[in-house]
Amino acid sequence: MISPSALSAQASGADHARDAGVSAQGYPEPLPLTQEQQQVEAPPDDSLAAAIVQAYLSNPVLAASRYDLRASDDELGLALAQARATVQLQVAGQYDLTLPGRVTQASRSLTDRLNDPNIERNVLTTSLVADQPLYTGGRVSSAVANARAGIEAGREALRGAEGDMLVNLIAAYSDVRMDSRAVAIRETNVRVLEGMLSEVIARREAGELTRTDIAQAETQMQAAQVQLDAARAQYEASRATFAAIVGREPGNLAPGPTLPGLPRTIDAAFEIAEASNPDLREAMARERAARAQIAAARSEARPTLSFQGVAGTNGQAVPFDRRDHDVTFTGRATLTIPLLAGGRVRSLVAQAQNRESADRLRIEAVRRQMVQTIINAWNQWVTAERNVATQSVQLGAAKVYYEGIFEEYREGLRSTFDVLYAQNSLRETELALLSSQRDSYVAQAYLLRQLGQLEAGRLVEGAATYDPAQYTRKAAGRSGIPWGGVIRAIDRLGAPDGKPQSMISPTAVEPAAIPAPPVFARERPLATTGPAATTNNSEKNIPDE
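Residues numbered from 1 in each chain as written. Predicted model: local features only at pLDDT ≥ 70, side-chain atom pairs only at ≥ 80, totals over all residues. Heavy atoms only, no water.

Enquirer: Just checking my understanding: could you explain the overall build of the chain for this structure?
Expert: In terms of helices and strands, the chain carries 16 helices and four strands. Going through the 545 residues of the chain one by one, you find that 41% of them count as buried. Summing over all exposed atoms, the chain offers an accessible surface of approximately 28,900 Å²; the carbon and sulfur share of this is 55%. (Helix = DSSP H or I, 4+ residues; strand = E, 2+ residues; numbered from the N terminus. Buried < 20%, exposed > 50% of the residue type's maximum accessible area, 1.4 Å probe, protein only. Areas by Shrake-Rupley, 256 points an atom, 1.4 Å probe, with all protein chains shown as cover.)

Okay, here's the thing in C-alpha cells:
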C-alpha cells in the first residue's frame, strides 16, 4: 500500500514534470487539445466588406443580370418610338428602253424615227417622307405600360441576383473561416495523438501497457490523419468557391461582422418580406405587364390616325438639270378603322388574359414559397444559436472531462481507450461548435435575402452601387421629340383597359381573387423573436476597409 505522503510526493513530481513538458516517468507529454492551442490564427488581412465590394464589381453573373436589365430598359425606348415621327429619304432612278412596234412607230414623228428607231427614257425621283402617328388607339400607351412593368420586374430580378450572389459569398466566406479552423483542430489533434502514441510505446517497453494499447493509439492517430487530409481538401474546395464568386483567392479572413437589418420577430420578418422580397415584387410586376398586354391586344381593334407629309422631285436623270425637275409637296391624313379581323383580335385578348391569370397565380405561388423559406431560415437561425449556446457549455465540460481523464490515466486509473475517447469527444465538440456558428451566420444572410435586405449598399457603408435608372433615362430619351408627351396624352384618351378575366383560384371559390397568405405562415415556429445576442447590433453596417 502506498502511503498518503508518497502519493503527495508523486503528484508533486508529476506536476513539476508536466510543467517541463514530460511525464513523471520521463515519457513524452501529449499536449491536451485546448481551444487556445488550436485557435492561433494569423492576423487578418482580408474582410467580408472587401470581398463584397470586389464581387459586386466583378462577378460575371451579376454583371450579366445588369445587361439583361438594360435590354428590358430598351423596350421602353421601342414603345416610345411608336408615338414619334419617322423621316426617310427615298431616291429612285429609272431607265426604260422601248423597241417600238408598228403602232408606236406610226404615232412618232418622222424626225424621231430617223434619229433613233428605239425609245429611251431615264427618270430620277427623290422623296422626303415624314410620318407622324396622331392616335394609335391605345397601342402606344399599353406598350409603354408593358415596358415600364417589365423594367420593374427586371430591377427586382437584379436585386434577387444580387441577394443570391451575396448569400453564396457569405456562405463561402464562412466556409473558408470554418474550414481553416477545422484544419487547425485536426492538425493539433494529429500532434497530440502522435505524442500519445510515443508515450504508449514507451510505457509498453517499460512493461506497463500492452501491444493492444499501442494498436489503439496508432489506429486513432491514422484515423486522425485521414480526417486531416479530408479537412484540407474541404478547405481548398471552399477557397475555390470563394475565388469563383469574388475573382481572387481569399486571404486571412477576419471574423464576419454583425449583419444589419435582422428582424426581432418572425411577424416583423413577414411584414418586411411582403413589401421588399424581390421575388414577390418581380412576380407582381410580371402580372402588371400581363395586364398591359391585355390592353395592347384590345387596342388592335381600335382606329388609328396618322399624318404623312411628302416633298419630292421628279425629272430626267441624264443629262441632269435641277431646273428641269418638278417639285411636289403632299400632305395626307389617314384614318384606319378595323372592321373585321377574322377572330384575330379576340384570340389575342384571350391569350393575353390567360397569361395574366397564370401570372396572377404565380404571385401566390411565390408568396407561399417565400413564407416557407422565411420560416425555414428563421428556425435554422434560432436552432443554430441555441446549438452555439449549448455547445459552448458542452465544450467547457469536454475540456474538464479530457483533462480529468488524462490526469487519471497518468495515475493508472484510466485506460488508453478512455483517454482517446475523451480526446475525440473534445475534438468533435469543437468542430460542432464551429459548424453551428457558421450555420447561424449563413441562416441570417439567407433570411435577409428573403426580406430583400441583403444588398451591397446596406452591408458596406459608403459602397458605390449600380443605379439602373441612369440607363432607363437614356433609353427613354433616345430621339425624343418636343411634342411626344402630347401625342402620348392623346393616345391615352379612350385607350382600352387591361381588365383580367374572372378565374377560380385553387384555394378560393370567389373568382378573380388572390388567396390570402396561407394559415401555415402563422404556425408557431421554434421562436418568435431572434436571438438576443444578434439584435443589439443589427443596425450596424460592415465597415468599408
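Picking up after the structure, the text goes on.
Enquirer: I keep staring at the packing of aromatic side chains and nothing clicks. Help me out?
Expert: A ring pair, where both rings are aromatic, is described by two values, the distance of the centres and the angle of the planes. Considering all chains together, one arrives at four aromatic pairs under this definition. With centroids separated by 6.3 Å and ring planes inclined at 25 degrees, the aromatic side chains of F417 and Y421 adopt a geometry described as stacked. Taken together, the residues span about one helical turn, with F417 and Y421 both in helix α12 (residues 416–451) at a distance of four residues. Residue F417 is classed as partly exposed on the basis of its relative accessible area of 48%. (Phe/Tyr/Trp six-rings, centres within 6.5 Å; stacked < 30°, edge-to-face > 60°.)

Enquirer: I would appreciate a short explanation of helix α3 (residues 48–58) in the present structure.
Expert: Along an α-helix, residues three or four apart share an orientation, since each turn contains 3.6 residues. Those residues of α3 not exposed but buried are L48, A49, A51, I52, A55 and Y56. The arc enclosing the buried residues of α3, seen along the axis, measures out at 160 degrees, which places them on a common side. Where α3 is buried, its residues contact α4 (60–81), α7 (139–205), α8 (211–246), α12 and α13 (456–459). (Arc of directions from axis to C-beta. Contact = heavy atoms within 4.5 Å.)

Enquirer: Explain empty space enclosed by the protein to me, please; I cannot follow it from the model alone.
Expert: Rolling a probe over the atoms, with the probe sized like a water molecule, indicates the empty space that remains. Evaluated as defined, the whole model comprises two cavities of 30 Å³ or more. As a volume, the second largest cavity reaches approximately 40 Å³. R159, G163, P278, L448, R449, G452, Q453, L454 and E455 together form the lining of the second largest cavity. Elements with a minimum of two residues in the lining of the second largest cavity: α7 and α12. Looking at the lining of the second largest cavity, its residues break down into three nonpolar, three polar and three charged. (1 Å grid on protein atoms, 1.4 Å probe; cavity = no way out; pocket = protein on both sides within 12 Å on 5 of 7 lines; lining within 4 Å. Points joined across faces, edges and corners; volume = space filled by probe spheres on them. Nonpolar A, V, L, I, M, F, W, Y, C, P; charged D, E, K, R; others polar.)

Enquirer: Whenever I open this one, the layout of surface pockets confuses me. Can you help?
Expert: Quantified by volume, the largest pocket comes out at close to 600 Å³. The wall of the largest pocket is formed by 31 residues, among which E75, N146, A147, A289 and Q293 lie closest to the centre. Among the residues forming the lining of the largest pocket, the class breakdown is 14 nonpolar, ten polar and seven charged. Estimated volume of the second largest pocket: approximately 440 Å³. Lining the second largest pocket we find 20 residues, and of these R177, G256, Q437, R438 and Y441 sit closest to its centre.

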